[in-house]
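# Fold and geometry: a report
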Amino acid sequence: MQKNLVIVESPAKAKTIERFLGKDYKVMSSFGHIRDLRKKGFGIDIDHGFQPLYEISPDKKKLVGELTEATRKAETVWLASDEDREGEAIAWHLFDVLGLKDDHTRRIVFHEITKNAIEEAIKHPRGIDANLVNAQQARRVLDRLVGFELSPILWKRIKPSLSAGRVQSVAVRLIVEREREIMHFQPEPYYKATVVFMVPDGNGGVTALKTDYPDKLADKQQALALLEKFKTAGFVIEDISRKPARRTPAAPFTTSTLQQEAARQLGFSISQTMRIAQGLYESGKITYMRTDSVHLSSLALNTARAEIEASMGPEYVKTRQYHTSSKGAQEAHEAIRPTYMNVRSIEGTTPEKRLYDLIWKRTAASQMADALIEKTTVTVGLDGQPEKLTAVGEVVKFDGFLKVYGYRSEGEDDETAAVLPPVKKGQVLTLDKAVATEHFSQRPPRYTEASLVHKLEELGIGRPSTYAPIISTIQQRDYIVKGNREGEKREYNILELGKSGKISDKTKTESAGAEKGKLFPTDTGMVVNDFLTEHFPKIMDYNFTASVEQQFDQVAEGKKDWQKMMDSFYKNFHPQVEEANTYSKEKVGARLLGTDPASGRPVSVRIGRFGPIAQIGTVEDKVKPLFASLKKNQLMETITLEEALELFRLPRNLGELEGKSVVVGVGRFGPYLRHDGKFVSLPKTYDPLTVSLEEAAALIADKREADSRKVLRSYAEDATLTVMNGRFGPYIAKDGVNYKIPKKTDAASLSYADCLKLIESQPAAKSKAAAKSKAVAKAKADAKSKTAAKAKTAAKSKAASKPKAAAKAAKAAKK
C-alpha cells in the first residue's frame, strides 16, 4: 500500500513537488477541475436553494478512475491544489467525487513551491475551507444564471451565438463608452512657447538654456503678441531654487500590477503574462501569481536584505513592509516575488527570463533606499513685463532603488528632466530664438489590456483570478478587437522669432492619433452593449457589479450565506428577463442611412449573421434586398450613406487572367481576390475599390510561389499526407492534424514509410486525429438524422392536413 498520495491540479506542479518529497509520497495531477456544472440546461436546481448540478467531464472520467484507484491504495491523501477559491473548490470536488474520508484526508496549501514551504504545509494541514468553496460556487452559479438567461434574448434580438456575462458585459461597456467619447471629441488648438538662450558652458564654449512659457496661448494672435514682446524685452535670471526630492519604490507585484507592468515594459498580453507566471510558479521559481496582497514574509524580507547588502552595499538597504489597501484583498497572502532572492536569473525561454527579471527587480527595489534627487528651477524675468519663463532640471544625487528598477510607474512622466548648464542669479541673457508651436488637446486614450485591468481594479470589478479570462473572453466573442490604427495627417503652425528680430510663419504636417495594441469595440459589441444597458441597467451598472464582488468576499469570510445571496439576486433579475422576452422579436441595432438614388430603396446597416452589413431594400420588397459587408475599419455608428453605397460596387470583376475571371470582394475576414476557384487575401495597402488587374495578377503570382514553397513533398500512396514547410520548420500534415519532424532531418527526402513511422511515434497527435475523424463522422450522422427527422415531421404535417382539407371542402360543397 502507498503511504501518501498528493493530488495537485497541474502536471508541471506535480513534477516540481515530487522532487522535494521522498519515496513515501506519490504525486498525481487532476489536470484542473474534474467536474463542472452540467452543460445541458441550467445546471442549477433553482427551486432547491440554487443547488449546483455537477457532472464529471467526459474527458476526465478515465482520470477520475485512476485517482480513485490510487486513493484506495494510499493511507493518507493530501489535497494540494492552489490556495485561492478556485483551488479550494478543486480540492472539495476531489474529496466529494473520490469518496474521501476526513480521517484519511489532509488539505495543504503553500504560496511557493519550495522544499521548506511544502514540508511546513505537511506539518500544518487543515480541512477544506467551506467558505472559500461557497464563494467559488456563488460566482459560478451567478455567472451561469446571467449567461444562460440573457444570451437567448441576444440570439433573438441581435444574432445567434452571442453571449452575455455579468463581468464581461461591464468590461465591454467601458470600452464602448470610451470609443464614443473619442467619436464626439473635438480637438481644441492652442500654442505653447519656448525660448532658447545661449550661455557659457563653463569650459570656454556655449550651450543652450531652454526655457518654457508656462501658460497655454489660446490662439495664433496671442502667440504672435507674446513673440512681439520678446522682440524688445531684456531677459535676466531672477531666481534659482534648488530643492531636494525623493523617489520611493513601488510595492512588490500583485496580479494586476504585474499584468500592467509586463504589458508596458515587456509588451506582453495579459493572458501571456499569466501563462508565463503560472509556469514560473509551478517550476518553483516565483510565489503564487494570483494575489492582491503586497505583503512580504519575514523570510523574504531577510533574504532580500542580505542579497542587496552583499551585491550593492548597506547604504542601498531599506526594509519596508507594505500593506494592502484594497478592501477586497484575499486569496494568497503574499506578493508575487522570486522564491530565492539570491537567484538573479533563471534558465528557460526568453519570455520566462524577461518576466522573472522584472519580478526580481521589482521585489529588490521595494526593499531598497529611496533615490535622492536635487531639482533645480531657474526663473527668467522679462524687464518691465509680468511674464516669466522657467527651466527645470534635476540631478540624481543617490540612485537608490533606481540602480535596479529604473522603470517609471504608471502615470509618471517618461521624460527625465535635463541637467541645466551653470548659470547665476542676475545673469543677463541674450535670446537665441523663441518658438510658439501649435498643439491640439488630446482625446481620451483608448484602453490597452493593461489600462483596462487597472480600470477594472479601480472600480472593484473582478479579482486576481478573473482579469485575464475577462479580457480573453470579450475578444473571443468578437465584442472587442485588439489592434493598431494608423494616424491621420494633420497640419500645425510654427511661429519662430530669430536673432534677426523677424517672425517666420510655417505650416508643417504631423501624423496624429496613431494607435498600437489598443482595444476597439466591434459593431456587435456596441449593439449588444446598447441593448443590455437599455433593458438590464442593473446588470450593466459598475457599482452593482463591484457590490457583487464584495458579497463574494463576504461569503469567503463566512459573513454571508451564498444561497440567500443568490435568492436575493434572482428575485430581482428573473422578472427583467421575463419582461424582455415579451418585447417585439424585431432585430435591434439597425440604422437607416438614407435612400439609394438609383433604386429609391432605403439603405441601412445592421448586424448580419457574419457581422455588420449594409443593406439596400427591405425583406417586404418584391425585389430581394442587396447586401454588402462593411470594411474592417468602418463602424455602423459612423458610416455615411455615400460610404455604404460604395460597398455595393463589390464584388468587382477586374478582367481575365489565364482565361479565368479575377474578382475582388470583401468577406468575413476582409478583402480578397478570387481566381480559378482560389482565394488570395488583399493586403491592407490595397483598396478593393481601386485595385487594378495588373496588381491583382502580381498578388496571385506571389501567392502561388509561396504555396509552392510551402509543400515540400506529396505522396501518390496517400493524397491526404504531405510534408509542409511551416512557420516553425517542416512538419507532416495528414487529415488536418500536424506531426513533428525531428530536427536535423532532411524533410524533403522523407519517404512515405518514413512519414508513417513518425506518425506512429506521436500517439498524442494520432489520438487527436482519431478524435477529429470521429467528430466529423458524428457531425455527418447528426446532420443525416436531423434531415430524416425534418422529413418525417413534414410528412406527418402533410398527412394531418389532408383530413382537415377534405372536411373543409365537404363543408364548402354543402353550402
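Going by the structure above, here's the rest.
Quick look at the structure, then. Not measured: the values here are computed from a predicted model.

Each helix and strand in the protein chain was counted, giving 20 helices and 31 strands. Across its three principal directions, the C-alpha atoms of the protein chain cover 115 × 85 × 70 Å. Buried residues in the protein chain amount to 44% of all 815 residues. Considering only contacts in the protein chain between residues 6 or more positions apart, those separated by 24 or more positions represent 69%. Accessible area of the protein chain: about 43700 Å², with a carbon and sulfur share of 52%. Taking the average place of the 130 positive charges on the side chains of the protein chain and the average place of its 106 negative ones, the gap between the two points comes to 7 Å.

A word on the environment of Leu53. Inspection of the secondary structure puts Leu53 in the loop between strand E5 (51-52) and strand E6 (54-56). Separated by 12 residues in sequence, Leu53 and Gly41 place their C-alpha atoms 10.0 Å apart. Beyond its immediate chain neighbours, meaning those up to four positions away, Leu53 contacts Asp36, Leu37, Arg38, Gly43, Ile44 and Asp45.

What follows concerns helix H8 (residues 255-266). Compared with the 16 Å implied by 1.5 Å per residue over 12 residues, the 16 Å span of H8 between its first and last C-alpha is a close match. Every buried residue of H8 is listed here: Thr255, Ser256, Leu258, Gln259, Gln260, Glu261, Ala262 and Leu266. Its buried side turned inward, H8 meets helix H9 (270-282), helix H11 (350-366), helix H12 (449-459) and helix H13 (467-476). The positive-phi residue at the C-terminal boundary of H8 is Gly267, with phi of around 75 degrees.

Let us look at the sheet that holds strand E29 (residues 718-726). Each strand in a sheet pairs with its neighbour through backbone hydrogen bonds, running either in the same direction (parallel) or in the opposite one (antiparallel). One open sheet accounts for 4 strands, arranged E28-E29-E30-E31; its pairing is antiparallel. Each edge of the sheet is formed by a strand with only one pairing partner; in this case those strands are strand E28 (711-715) and strand E31 (737-740). Shown here is a sheet whose adjacent strand axes are inclined to one another by a mean of 25 degrees, direction ignored. Bridge analysis of E28 against E29 gives 4 bridges, and the strand direction is antiparallel. Residue pairing for E29: Val711 is matched across the bridge by Met724. Taken strand by strand, helix H18 (residues 693-710) contacts E28 and E29, and its axis lies near 60 degrees from that of E28. Each of E28, E29, strand E30 (729-734) and E31 is contacted by helix H19 (residues 752-760), which is oriented at about 80 degrees to E29, the strand it contacts most.

Before going further, it helps to examine the side chain of Arg337. Following the sequence through the fold, Arg337 ends up in the loop between helix H10 (298-312) and H11. Look at Arg337 and you get buried, because its relative accessible area is 4%. Once you skip the residues sitting within four places of it in the chain, Arg337 turns out to touch His111, Glu112, Lys285, Ile286, Thr287, Leu296, Ser297, Ala300, Ile359 and Thr363.

A word on the side chain of Glu282. Following the sequence through the fold, Glu282 ends up in helix H9. Among buried Asp, Glu, Lys and Arg side chains, Glu282 stands out as unpaired, with Lys13 the closest opposite charge at 6.8 Å. Of the polar contacts made by the side chain of Glu282, one reaches the side chain of Gln278; its length is 2.8 Å. The contacts of Glu282, once residues within four sequence positions are left out, are Ser10, Ala12, Lys13, Thr16 and Ile113.

In this section: the packing of H8 against H9. Contact geometry of H8 with H9 gives a least axis separation of 9 Å together with a crossing angle of 115 degrees. Along this stretch, H8 crosses H9, giving a crossing that reads as right-handed. Between H8 and H9, the residues in contact are Thr255, Leu258, Gln259 and Ala262 and Ile270, Thr273, Met274 and Ala277, respectively. Here the contact of H8 with H9 is built from residues that sort into 5 nonpolar, 3 polar and no charged.

Now for the sheet that holds strand E20 (residues 591-595). One open sheet holds the 4 strands; their spatial order is E20-E21-E22-E23, and the pairing between them is antiparallel. Each edge of the open sheet carries a strand with a single partner, namely E20 and strand E23 (626-629). Averaged over all adjacent pairs, the angle separating strand axes in this sheet is 30 degrees, with direction ignored. Relative to strand E22 (residues 611-616), strand E21 (residues 602-608) runs antiparallel, the two being bridged by 6 bridges. Counted as the bridge partner of Ser604 is Gln615 from E22.

Once that is clear, we can look at helix H4 (residues 115-123). Along an α-helix, residues three or four positions apart point the same way, because every turn accommodates 3.6 residues. Residues Ala117, Ile118, Ala121 and Ile122 constitute the buried set of H4. Down the axis of H4, the buried side of the element spans an arc of 135 degrees, and every buried residue falls inside it. The exposed residues of H4 that point more than 90 degrees off its buried face are Asn116 and Lys123. Elements in contact with the buried residues of H4: helix H1 (11-20), strand E2 (25-29) and strand E7 (74-79).

Our next topic: the pairing of strand E11 (residues 235-247). Direction of pairing for E11 relative to strand E12 (residues 371-382): antiparallel, over a ladder of 12 bridges. Among the inter-strand pairings, Ile240 is bridged to a residue of E12, identified as Val378. In this sheet, strand E14 (residues 428-429) lies alongside E11 in antiparallel orientation, the contact comprising 2 bridges. The residue bridging Val236 from the neighbouring strand is Val428, located in E14.

Counted according to the given criterion, the structure contains 47 salt bridges. Here Arg264 makes a salt bridge to Glu261, at a shortest N to O gap of 3.0 Å. You can see Arg264 and its partner Glu261 sitting in helix H8, 3 residues apart, about one turn around the helix. Linking Glu646 and Arg649 is a salt bridge whose minimum nitrogen-to-oxygen distance equals 2.8 Å. Owing to a relative accessible area of 32%, Glu646 belongs among the partly exposed residues under this scheme. Each of Glu179, Arg443, Arg446, Glu515 and Lys518 takes part in a single network of salt bridges with overlapping partners.

With 120 residues, the main nonpolar core has Phe110 and Leu355 as its most contacted residues. The contact partners of Leu355, leaving out residues within four places of it in the chain, are Leu258, Ala262, Leu266, Phe268, Thr273, Ile276, Ala277 and Leu280. In this structure, Val195, Leu217, Val380 and Val423 belong to the second largest nonpolar core, which totals 28 residues.

Right, let's talk about the packing of aromatic side chains for a bit. The relative placement of two aromatic rings is captured by the distance of their centres and the angle of their planes. Considering all chains together, one arrives at 12 aromatic pairs under this definition. Between the aromatic rings of Phe544 and Phe569, the centroid separation amounts to 6.2 Å while the plane-to-plane angle is 20 degrees, which identifies the pairing as stacked. In this pair, Phe544 sits in helix H15 (residues 542-556) while Phe569 sits in helix H16 (residues 562-580), placing the two residues 25 residues apart along the sequence. In textbook terms, an aromatic cluster arises when at least three aromatic residues are bridged by ring pairs, as seen for Phe536, Phe544, Phe569 and Phe573. Directly above the aromatic system of Phe520 lies the positively charged group of Arg485, at a separation of 3.8 Å from the ring centroid.

A separate point is unusual backbone geometry. Look at the link from Leu650 to Pro651: it is a cis peptide, with omega at -5 degrees. Mapping Pro651 onto the fold places it in the loop between helix H17 (641-647) and strand E24 (652-657). Phi at Phe31 takes a positive value of approximately 55 degrees, unusual for a residue other than glycine. Considering the arrangement of structural elements, one finds Phe31 in the loop between E2 and strand E3 (35-37). Here Phe31 falls in the partly exposed class, since its relative accessible area comes to 47%. Even without being glycine, Phe50 reaches a positive phi, approximately 60 degrees. As for its position among the elements, Phe50 is in the loop between strand E4 (44-45) and E5.

Reading guide: rules and limits
Residues numbered from 1 in each chain as written. Predicted model: local features only at pLDDT ≥ 70, side-chain atom pairs only at ≥ 80, totals over all residues. Heavy atoms only, no water. Helix = DSSP H or I, 4+ residues; strand = E, 2+ residues; numbered from the N terminus. Buried < 20%, exposed > 50% of the residue type's maximum accessible area, 1.4 Å probe, protein only. Contact = heavy atoms within 4.5 Å. Areas by Shrake-Rupley, 256 points an atom, 1.4 Å probe, with all protein chains shown as cover. Lys, Arg positive; Asp, Glu negative; His and termini not counted. Charge placed at Lys NZ, Arg CZ, Asp CG, Glu CD. Expected span 1.5 Å × (residues − 1). Pairing = 2+ DSSP bridges. Axes fitted to C-alpha atoms, helices over the stretch in contact; angles between N-to-C directions. Salt bridge = Lys/Arg side-chain N within 4 Å of Asp/Glu carboxyl O. Polar contact = N/O pair within 3.5 Å; in protein donor to acceptor, adjacent residues only side chain to side chain. Left-handed = near helix turned anticlockwise from the far one by under 90°. Nonpolar A, V, L, I, M, F, W, Y, C, P; charged D, E, K, R; others polar. Arc of directions from axis to C-beta. Core = buried A, V, L, I, M, F, W, Y, C linked by side-chain atoms within 4.5 Å. Phe/Tyr/Trp six-rings, centres within 6.5 Å; stacked < 30°, edge-to-face > 60°. Lys NZ or Arg CZ within 6 Å of the ring centre and 35° of its normal.

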